[in-house]
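The primary structure of each chain is shown beneath.
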Amino acid sequence: MIDRSVYIVYNITTSTKLFTFTNQNSEKKEMRILLVMICWPFTLFCQNTIGFPEVINYTNNVYNAGLQNWDIGQDKNGIMYFANNEGLLSFDGINWTLYPLPNKTVVRSVEVGKDNRIYVGGQDELGYFMPSSNGRLQYYSLTNLIPAKDKSFGDVWDIVSLNNSLFFRSANKIFQLSNGSIHGFNAPFEWSFMGMSNNKLYAHDLNDGLFLFENNKWNPVGSKNELPSNDPVTSILSFTNDKAILTTLKNGMFNLSKDGITPASSVNNSTFKSDRIYAATVINQERMALATNTRGVYITDLSGSITQSFSKAEHLQDNNVLSIFYDAQGNLWLGLNNGIDFIAYNSAIKHIRPLLQDGPGYTAIVHNNQLYTGTSNGVFAVKFQLLQDLSFSKGNFIPVAGTNGQSWSLAEINNILLLGHHEGAFEIKGETAQKISSQPGFWNFAGLSNLLSNTIVAGNYKGLLFFDYANGNFKQTGQVPGFNESSRFVAIDKKERIWVSHPFHGVHKIIKAPNGNFTVKTYTNKNGLPSLLNNHVYKIINDVVVATEKGIYVYNEVKDLFEPSEFYRELLGDQSIRYLKQDGAGNIWFIHEKQLGVVDRSEKQSKIIYLPELNDKMLSGFEFIYSINQQNILLGGENGFYLINFDKYKKQLPQLNVQIRHVRIIDNNDSLLYGGYAKNLNENNPQEKQNIPEISNNWKTIHFDFSTPLYGMLSNLQYSYYLKEFDNNWSEWSKRAEKEYTNLPAGEYTFQVKVRNNLGNESPVAQYSFVVLPPWYKTVWANLFYFLVAVSIFYYVYRIQHKKFQEQQKKYEKEQRNLLYIHELELNKSESELMMLRNEKMEAEINIKNSELASSAMHLVKKGELLTKIKADLTHTIKRLKDENAIVELRKMIRSLTEDGRVDEEWDNFAKHFDTVNRDFVVHLKEKHPGITSNELKLCAYLRMNLSTKEIAQLMNISVRGVEISRYRLRKKLGITSEVGLFDYLIEIK
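Residues numbered from 1 in each chain as written. Predicted model: local features only at pLDDT ≥ 70, side-chain atom pairs only at ≥ 80, totals over all residues. Heavy atoms only, no water.

J.: Is there a simple way to explain the overall build of the protein chain in this structure?
T.: Along its length, the protein chain carries 13 helices and 68 strands. The 990 residues of the protein chain split such that 49% are buried. Partitioning the intrachain contacts of the protein chain with sequence separation of at least 6 by distance along the chain shows that 50% fall at a separation of at least 24. (Helix = DSSP H or I, 4+ residues; strand = E, 2+ residues; numbered from the N terminus. Buried < 20%, exposed > 50% of the residue type's maximum accessible area, 1.4 Å probe, protein only. Contact = heavy atoms within 4.5 Å.)

J.: Explanation requested: the packing of aromatic side chains in the structure shown.
T.: For any two aromatic rings, the description comes down to two numbers: the centre-to-centre distance and the angle of the planes. Scanning all chains against the criterion turns up 62 aromatic pairs. Aromatic pair F466 and F518: ring centres 5.5 Å apart, planes at 25 degrees, arrangement stacked. Of this pair, F466 sits in strand β44 (residues 463–470) while F518 sits in strand β49 (residues 518–523), placing them 52 residues apart in sequence. Taken together, a centroid distance of 6.2 Å and an interplanar angle of 75 degrees make the contact between Y741 and F751 edge-to-face. Taken together, the residues Y741 in strand β66 (residues 738–742) and F751 in strand β67 (residues 747–756) connect sequence positions 10 residues apart. As far as burial versus exposure is concerned, Y741 and F751 are alike and both buried. Among the aromatic residues, ring-to-ring pairing joins F704, F706, Y719, Y721, F726, Y741, Y749, F751 and F770 into one connected group. Geometry around Y128 places R117 over its ring, the cationic atom sitting 4.3 Å from the centre. (Phe/Tyr/Trp six-rings, centres within 6.5 Å; stacked < 30°, edge-to-face > 60°. Lys NZ or Arg CZ within 6 Å of the ring centre and 35° of its normal.)

J.: I would appreciate a short explanation of the nonpolar core in the present structure.
T.: Here is a general trend for soluble globular proteins: nonpolar side chains tend to be buried in one another's company. Of all hydrophobic cores here, the largest spans 68 residues; its most connected members are L580, L596 and L611. Among residues more than four places away in sequence, those in contact with L596 are W589, F590, I591, I609, Y610, L611, L614, N615, M618, I625, L635 and I644. L673, Y721, L723 and F770 belong to the second largest nonpolar core, which has 28 residues in total. (Core = buried A, V, L, I, M, F, W, Y, C linked by side-chain atoms within 4.5 Å.)

J.: Could you clarify how one ought to interpret unusual backbone geometry in this entry?
T.: What you tend to see is this: most non-glycine residues have negative phi, and most peptide bonds are trans. With a phi angle near 55 degrees, N534 is a residue other than glycine that sits in the positive phi range. Mapped onto the elements of the fold, N534 is located in the loop between β49 and β50 (536–540). Of note in the backbone geometry, N542 takes a positive phi value of approximately 65 degrees without being a glycine. By secondary structure assignment, the location of N542 is in the loop between β50 and β51 (543–548).

J.: When you look at the sheet that holds strand β54 (residues 579–582) in this model, what are you seeing that I'm missing?
T.: With antiparallel pairing, 4 strands are arranged side by side in an open sheet as β54-β55-β56-β57. The sheet terminates laterally at β54 and β57 (607–610), the two strands that pair on one side only. On average, each strand axis in the sheet is tilted by 25 degrees relative to the strand beside it, whichever way the strands run. For β54 and strand β55 (residues 588–592), the ladder comprises 4 bridges, and the chain directions are antiparallel. Its bridge partner lying in β55, Q582 is registered against I588. (Pairing = 2+ DSSP bridges. Axes fitted to C-alpha atoms, helices over the stretch in contact; angles between N-to-C directions.)

What follows is the structure, given as structure tokens:
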């Protein structure tokens, strides 16, 4: 039986106290001590950092190749290459591809040359890979350049590029490839290593030490060479122009300078000797990574002091690390004896797992330079160094005595650390906890005042409790009567009103009156909240807000109800929010479903940043965020905690570059159309026109794979694609890194893809063009055949139709002639009848006009006769009168009657009327005989009317003899011969 009242366990290596237990005569305490004793060897070995980056394990079942991976390389586009037991293995972040050597041997070494070729070395084989015409890597052997006597050279373990030459190391030979030829250098005893340092090429011989390649030969290094015999050098790491560090397999580290080689004075050299350094790489000017055969990877400074280590305890697959590589993004790749591991060394997010538990993390706080973490197994504490990123602080978590069980919250009030626990309320001092209340189930603690407050509000399983602190002791002073809601979510506003929310019972406002009485009012969907369920109250930017299923709501004190917040709605919309937390810089962290985001308010314009790396890793329903500063944000997870260096996270902006990695056409079998490499390896050259493939219409599906080799940020990436001439617009952003198109119609297409990260940055567009050929029945030759067939058919049909048409035309013409003849007969008959009718009508009209004209003429004749008689009577009267005045007047009257002005006027009217009847006879007569006089016109008109000579004489007021003379003269003037009658001539004028 153990009787001591206190048990203290020390780390005998560092003399630091690990665990302290108080004796409660409990079987549980003895079990915990037993667990500590079991785990003691791991804690005594060394202190590691409290935080670790994500480690991703790739087993051989994942990459589908051999177990062992001997060397690692990376090209300019970020594609990773591994020298694997079964060939060259490549990885682009999405796809693993194996390229076996022709002789199917192990690939021991890989190097991406300055000419962008991927050089590899195997067993009795060396050569390079470069793209074929379809973009797939194709192997080209160089062994044909090696003399026959040297072709049995064994494994090629190292490949180094220097200037315009490539060097290949086997145990007995170092081959130099230069200007298309290979020259070999024999080993003094056995070449065990070859590598570069400060742009100089070194090689190590097991017997004769280190050599430097100068002036096309190998020369021993320096006068001082303290490298032990039969111990191979495993790496040369350059840090300054005149100093480098050598690692050996069995004897640790050595310094290489212009003076020679001397042992490094590292406190861990004995460790390195026992663990055997198999490979190493430079991380930065202050750090290097050592890969060992038995203890995984050590991260050390230049003096060899271990700052961090990775082994199976930190989730490596295997402690035997054959190769190590520091990639372009600052992350580590490990080629293991059994698989491949990726360490997101440069990640801004680290994983913290307190000792002895792998359960969820509920709460954490920094108090008195110690980090306390509350878990389902109790509280654990660790001291940390004053570093910007606390994840690099070294230390071992130790359990806080008396806290075993579910720990809900940690709070510091007036420099006092309080613990809300399933079994009660505790005050923590150092590594021990003292119970201040035995009432079970404390969720949280908060000071009632924003300033120093001796009154503490505690959320309990069954309501709110109050504590007063005086003289170093806590005293429970009461609770809110009648309020029994589980008070896990508590916020206190500026007026010291207490707000409590329950996920199923609404939001409660609790006010303490001056007389000590409490009033409780409950707010539900009847008071502005969108629902009775899933409302969580928080204090953000000194305001009480409620996270709901429809966004963030704020309290309107005037209306005494809740309403949507315009500030949050502009940023977050009305999406459901489960958790809110304000950090020291004013940024607002939030959790939407299982996604973590932050409203970054560090600039004038607030913006939303999501952290997809932590999606689904948070403890659902018990989310927790604690801000130490902008380099250290703690997040509770399903397995421990995550520390976010937010400043670093925002500054990590690697260049985005999406690559189309594979294009396959699929039917019953797959066919690789494009293997992911441009003509010039590692260069994003545009696709050349002569390399635009033409795809037969028989292939039903074309499949595109694309990726972005940002290995530590793959979860942050989203892709959008667009097929020109087919899609109407770019697709929605998604994490899917492939796309298929089925049954594309014939035509020319260009597939385009781009990538963006969670900070909103987009990459340039990558594209691939191709042509889908029409089916055979739509080809040019088929169309020409169709054309010829159509022309032949058309011509045949045309001939038949033409012949038929000619026969029909003849028949038709005959019928038409008959019809035309009949029609003409009918037409003639109709025209004759019509003409007859017209003539009859015209004749009737002419008769009428002639009758009117004759009547007019007779009127003129009668008038003339009357005037003649009057003149005769007046003349006779004059003869009998003797009155001279009367005689004068009568003669005036006779002269008046003789004047022809009135007659001329009547003649003009007669002429117009005559022309109307006789179709402009007068006009035509004047046109034909311009010299004809007016009296002659009258005579012609009277003659055409067929008046007698006497009537004409009467009308013209001349004698009958005068008329005859006038007719004679008219004939001569009109040029009428004696054979033609004057009437006949005049009647013909029309």
